[in-house]
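Report on the structure
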Amino acid sequence: MRAAVLHEIGQDKLEVLDDVEAVGFGPGKVRIRVRATGLCHSDLSAMSGVLPQPAPFVPGHEGAGEILEVGEGVRHLRVGDRVVVCWLPACGSCPACKRGQTELCLAGFMNAGTPNFKRPGGDVFGFAGTGTFTEEVVVDAGCAVPIPDDVPFDIAALIGCGVTTGLGAALNTADLEAGSSVAVIGCGGVGISVIQGARLRGAAEIVAVDPVPSRREAALRFGATRAVSPEELPDAQQQITAGEGFDHVFEVVGKSATARTAYDNTRRGGTLVVVGAGAMDDFLQLNMFELFFDEKRILPSLYGGGDVLRSYERTIALWRAGRIDLTGLITHRVPFADVNEALDQMRTGTALRTCIEM
């Protein structure tokens, strides 16, 4: 079967090969025919080495498809079921799950060190224990979440990561209140989803911050009240908050420099929500006095900071009701053979989300 493979960390191009085999099928597993997959910035971060990932590997973790085969002991899935791939499944029995913090379950991460594929040259891993830049993938049954028949595969793929992460940061982690002031730094697919979540909650001011003009224009269509370049943020903060700072600032880039900017633009007693996935050697510096004196809350948000399955259901309900726009997030579509074109679109910021059609 075909799969897009990164041979070594640091390479910027994928090779589409036809000699890859999905492995690991057995009890508790399912085989999925991938029908659509989105490109998330985390895939690029894994390719560059910002996020830890053994290589060679198949990128992709934002996918949807249908069940081809069901392993022994799997009761909630049947052949032909439409599913979204969940890269962070909850085991239901670890301490984090028992506390109700299922997004902190490590079961999914434990799968990342086991190869999902092989080819004549040896084992191939799947990013985040999945790897959806492929025609078929074998995953734990918990990674395959059934979706209703009226949800298209491309929309379902977005729900698998970017939309759930962004909406959840606003609705779960920040739990922002109506009338609040919000700034979102980084307005790709995840940042736009944060903006939609802030709009749902009735934020009075939503400032989108991004260096790419097309993304700033898109942010206004999705609910931002103002869109500025990073250089224009100080003026916007002064005009909107009289210099006090925003009630909630979301960092959706994954870099210490933008996290520091987000902190500086958060009002005393306000909330900084860290959504971007950054490198282990990129340190955010804060002094002890400002931490004490400003009483700003710093809230990391992993995968939307809430129960993933409930978040999926909520997102589908909001989409059906027309309260959020998911179709508009897909600004580009490319055939699987042109996957490297999708990478370029993400790197240049020309795409909010590219759907890779399998």
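Residues numbered from 1 in each chain as written. Predicted model: local features only at pLDDT ≥ 70, side-chain atom pairs only at ≥ 80, totals over all residues. Heavy atoms only, no water.

As recorded in an unreviewed UniProt entry, the chain goes by Zn-dependent alcohol dehydrogenase and comes from Streptomyces qaidamensis. According to its UniProt record, the chain has this under Sequence similarities (unreviewed entry): "Belongs to the zinc-containing alcohol dehydrogenase family." As recorded by UniProt, the Cofactor (unreviewed entry) comment attached to the chain reads in full: "Zn(2+)". (UniProt positions renumbered as here; feature names shortened; annotations may be inferred.)

As a further point, take the pattern of salt bridges. Counted by the stated rule, this structure contains 18 salt bridges. Between Arg-333 and Asp-154 there is a salt bridge, with the nearest N and O atoms lying 2.8 Å from each other. Placement of Arg-333 in strand 18 (residues 330–335) and of Asp-154 in helix 4 (residues 153–159) is noted, with a sequence separation of 179 residues between them. A residue is classified by how much of its surface remains accessible, and Asp-154, at 15% relative accessible area, is buried. For Arg-260, the salt bridge identified is with Glu-290, shortest N-O distance 2.8 Å. On the criterion of sequence distance, the pair formed by Arg-260 in helix 9 (residues 256–264) and Glu-290 in helix 10 (residues 288–294) is long-range, its members being 30 residues apart. In this structure, a network of salt bridges that share partners links the residues Lys-13, Asp-344 and Arg-347. (Salt bridge = Lys/Arg side-chain N within 4 Å of Asp/Glu carboxyl O. Helix = DSSP H or I, 4+ residues; strand = E, 2+ residues; numbered from the N terminus. Buried < 20%, exposed > 50% of the residue type's maximum accessible area, 1.4 Å probe, protein only.)

Applying the stated criterion across every chain yields a total of three aromatic pairs. Ring geometry for Phe-57 versus Phe-127: centroids 6.2 Å apart, planes at 50 degrees, classification tilted. In this pair, Phe-57 sits in strand 5 (residues 57–58) while Phe-127 sits in the loop between strand 9 (122–126) and strand 10 (136–140), placing the two residues 70 residues apart along the sequence. The buried category is assigned to Phe-127, whose relative accessible area is 6%. Judged by centre distance (4.6 Å) and plane angle (25 degrees), the rings of Trp-87 and Tyr-303 are stacked. Residue Trp-87 is located in the loop between strand 7 (82–85) and helix 2 (95–98), and its partner Tyr-303 is located in the loop between strand 17 (297–300) and helix 11 (308–320); the two are separated by 216 residues in the primary sequence. Judged by relative accessible area, which is 12%, Trp-87 ranks as buried. Residue Tyr-303 is classed as buried on the basis of its relative accessible area of 2%. It is Arg-82 that lies over the ring of Phe-153; its NZ or CZ is 4.2 Å from the centre. For Lys-296, the ring lying beneath its charged end belongs to Tyr-263, and the centroid distance is 4.2 Å. (Phe/Tyr/Trp six-rings, centres within 6.5 Å; stacked < 30°, edge-to-face > 60°. Lys NZ or Arg CZ within 6 Å of the ring centre and 35° of its normal.)

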